[in-house]
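An overview of the molecular structure
Single-letter residue listing:
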Amino acid sequence: MKHLHDSGETTTKTEYKCQKCRDTGYYEIEKDGYTFSHECECGKVQRDRLAGRLKFATIPKEFEGQTVDNFLTDCYSTPQSRELAKLAKQLASRYVEQFQEIRETGKGFYFHSGVKGSGKTRLAVSIANDIITRYMIGAKFATTIQILDQIKSTWGEKPKERGEGEPVSERRLIDDIISVPVLVIDDIGVERPKDWVNERFYNILNGRMIEKRITIFTSNYRISELQLDDRIVNRIEKMALPIEFPAESIRSAIARKENSDLLDRLLGV
Ligand SMILES: Nc1ncnc2c1ncn2[C@@H]1O[C@H](COP(=O)(O)OP(=O)(O)OP(=O)(O)O)[C@@H](O)[C@H]1O
Ligand SMILES: [Mg+2]
Ligand SMILES: [Zn+2]
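The following refers to the structure shown.

Cut-offs applied
Residues numbered from 1 in each chain as written. Chains lettered and ligands numbered in written order. Predicted model: local features only at pLDDT ≥ 70, side-chain atom pairs only at ≥ 80, totals over all residues. Heavy atoms only, no water. Helix = DSSP H or I, 4+ residues; strand = E, 2+ residues; numbered from the N terminus. Buried < 20%, exposed > 50% of the residue type's maximum accessible area, 1.4 Å probe, protein only. Contact = heavy atoms within 4.5 Å. Areas by Shrake-Rupley, 256 points an atom, 1.4 Å probe, with all protein chains shown as cover. Near = heavy atom within 4 Å. Nonpolar A, V, L, I, M, F, W, Y, C, P; charged D, E, K, R; others polar. Phe/Tyr/Trp six-rings, centres within 6.5 Å; stacked < 30°, edge-to-face > 60°. Lys NZ or Arg CZ within 6 Å of the ring centre and 35° of its normal. Salt bridge = Lys/Arg side-chain N within 4 Å of Asp/Glu carboxyl O. Donors = N, O, S within 2.8 Å, 3.2 Å for Na, K, Ca; no water. Tetrahedral: all angles 85-135°; square planar, octahedral: opposite > 155°, others 65-115°. Patch = residues over 30% accessible without salt bridge, like charges linked within 9 Å, V, L, I, M, F, W, Y side chains within 5 Å. Arc of directions from axis to C-beta. Expected span 1.5 Å × (residues − 1).

Turning next to the overall build of the protein. Secondary structure summary: the protein contains nine helices and seven strands in total. The 269 residues of the protein split such that 41% are buried. Partitioning the intrachain contacts of the protein with sequence separation of at least 6 by distance along the chain shows that 72% fall at a separation of at least 24. Of the roughly 16,500 Å² of accessible surface on the protein, a fraction of 51% belongs to carbon and sulfur atoms.

Printed below as a string of structure tokens:
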């Protein structure tokens, strides 16, 4: 990389995707002695608008490139687990196929299993990935904890008192979460069911339900076991088809396989 002197710039010309606006989305034009700012034709502004303001809600690196197609079903150890995994995969695959029509029903999935590491997040994210690539529809991912932390971060320094009314930025954040076309809400049920948590989840899920936005939930609990308010649980029932996942950890299976490979290597087998 070449460093330019004086100007303080540390990038060379070639590092911008768009030379015209230097990836800012705007360039300046001079006319009659005035300087005007002009939206660049490269579409940066448009793309940012599409991506939305929910910068925290990106699909985790671990799941990049994972599709429904490459979700494994034969790595589960019991026949019963393999059957459940196959069914989940088949439903997910048909869901993606028929997404344009199903979208109008506003229905997503609720993947649950008491056992951790069974592939729930993997399949939920795969559906989101497939919808993005196939239909160019905006899909996002957030754990319930990320959503709640993000909400708390809008409260600022002042302790929030009840009845004071929501700060404007919190309302905007919640509106943004409501408007995501396809949202994976990961690990619902881990949060402590406090009043403010119930209130926020209610607003988010009620908004998404009314607007028929697609939500895919993953959880270690059945819908009926969730400790959230009934009005939230009712909405989840309406918004998602519950699918049981195998009671088996692929995460452990993968870890065991990795350890045995390492052992083989160290023993020189
Ligand atoms: N069927 C599968 N095919 C390929 N990889 C899988 C499959 N199931 C799980 N994995 C991998 O195993 C790991 C654990 O899966 P995942 O995170 O989806 O589990 P989970 O059911 O969401 O667990 P938790 O209840 O802890 O959230 C991930 O790295 C995932 O990519
Ligand atoms: Mg998970
Ligand atoms: Zn540009």
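This part is about the site of ligand 1. Within the structure, ligand 1 sits among 17 residues, and Glu62, Leu72, Gly117, Lys120 and Thr121 are positioned closest to it. Listing elements by their share of the shell around ligand 1, those giving two or more residues are helix 4 (120-135) and helix 9 (250-267). Classifying every residue of the shell around ligand 1 gives six nonpolar, five polar and six charged.

Scanning all chains against the criterion turns up seven aromatic pairs. Seen in terms of ring centroids, Tyr95 and Phe109 are 4.8 Å apart; in terms of plane orientation they differ by 50°. Their pairing is tilted. In this pair, Tyr95 sits in helix 2 (residues 79-97) while Phe109 sits in strand 3 (residues 108-112), placing the two residues 14 residues apart along the sequence. For Tyr95, a relative accessible area of 4% corresponds to the buried category. Plain terms: the ring middles of Phe111 and Phe245 are 4.9 Å apart, the flat faces sit at 55° to each other, and that makes the pair tilted. With Phe111 in strand 3 and Phe245 in the loop between strand 7 (240-244) and helix 9, this residue pair connects regions lying 134 residues apart in the sequence. Members of the aromatic cluster, each reached through a chain of ring pairs, are Tyr95, Phe99, Phe109, Phe111, Tyr135 and Phe245. Lying over the aromatic face of Tyr202, Arg231 brings its terminal NZ or CZ to 4.0 Å of the ring centre.

All right, on to the pattern of salt bridges then. Counted by the stated rule, this structure contains eleven salt bridges. For Glu64, the salt bridge is made with Lys61, and the minimal N-O distance between the two is 3.3 Å. Owing to a relative accessible area of 68%, Lys61 belongs among the exposed residues under this scheme. For the salt bridge of Arg171 with Asp175, the shortest nitrogen-to-oxygen distance reads 3.0 Å. Taken together, the residues span about one helical turn, with Arg171 and Asp175 both in helix 6 (residues 168-179) at a distance of four residues.

In this section: the coordination of the zinc ion (ligand 3). Around the zinc ion (ligand 3), the protein supplies Cys18 (SG), Cys21 (SG), Cys40 (SG) and Cys42 (SG) as donor atoms, at distances of 2.2 to 2.3 Å. If you look at the zinc ion (ligand 3), its four donor atoms make angles of 103 to 113° with each other, and the shape they trace is tetrahedral. The sequence pattern describing where the donors of the zinc ion (ligand 3) fall on their chain is C-x2-C-x18-C-x1-C. Pair noted here: Cys18 is in the segment before strand 1 (26-31) and Cys42 is in the loop between strand 2 (34-39) and helix 1 (44-51), with a separation of 24 residues, a long-range link.

This next bit is on the environment of Thr67. Take Thr67: it is sitting in the loop between helix 1 and helix 2. Accessibility expressed as a relative area gives 23% for Thr67, which makes it partly exposed. When the C-alpha positions of Thr67 and Asp130 are compared, they lie 6.1 Å apart, and in sequence the two are 63 residues distant. Aside from chain neighbours lying at most four places away, what touches Thr67 is Arg122, Ser126 and Asp130.

It is worth spelling out a nonpolar patch on the surface at this point. Residues Ile29, Tyr34 and Phe36 make up a contiguous nonpolar surface patch of about 310 Å² in total accessible area. Tracing the backbone through its elements, the reader meets Phe36 in strand 2. According to the relative accessible area criterion, Phe36 is partly exposed, its value standing at 41%.

Turning next to unusual backbone geometry. Although it is not a glycine, Arg22 adopts a positive phi angle of roughly 50°. Positionally, Arg22 belongs in the segment before strand 1. For Asp23, which is not glycine, the phi torsion reads 60° and is therefore positive. Considering the arrangement of structural elements, one finds Asp23 in the segment before strand 1.

Before going further, it helps to examine helix 5 (residues 144-153). Along helix 5, the residues classified as buried are Thr144, Ile147, Leu148 and Ile151. Taken down its axis, helix 5 places every buried residue within 95° of arc, on the same side.

Taking 1.5 Å as the rise per residue, helix 7 (residues 195-210) with 16 residues should run 22 Å; its terminal C-alpha atoms sit 22 Å apart, in good agreement. Burial analysis of helix 7 places twelve of its 16 residues in the buried class, which makes it a mostly covered element. Every buried residue belonging to helix 7 is among Trp196, Val197, Asn198, Arg200, Phe201, Tyr202, Asn203, Ile204, Leu205, Asn206, Gly207 and Arg208, and all of these are buried. Note on helix 7: the residue one or two positions beyond its end, Lys212, has a positive phi of about 55°.

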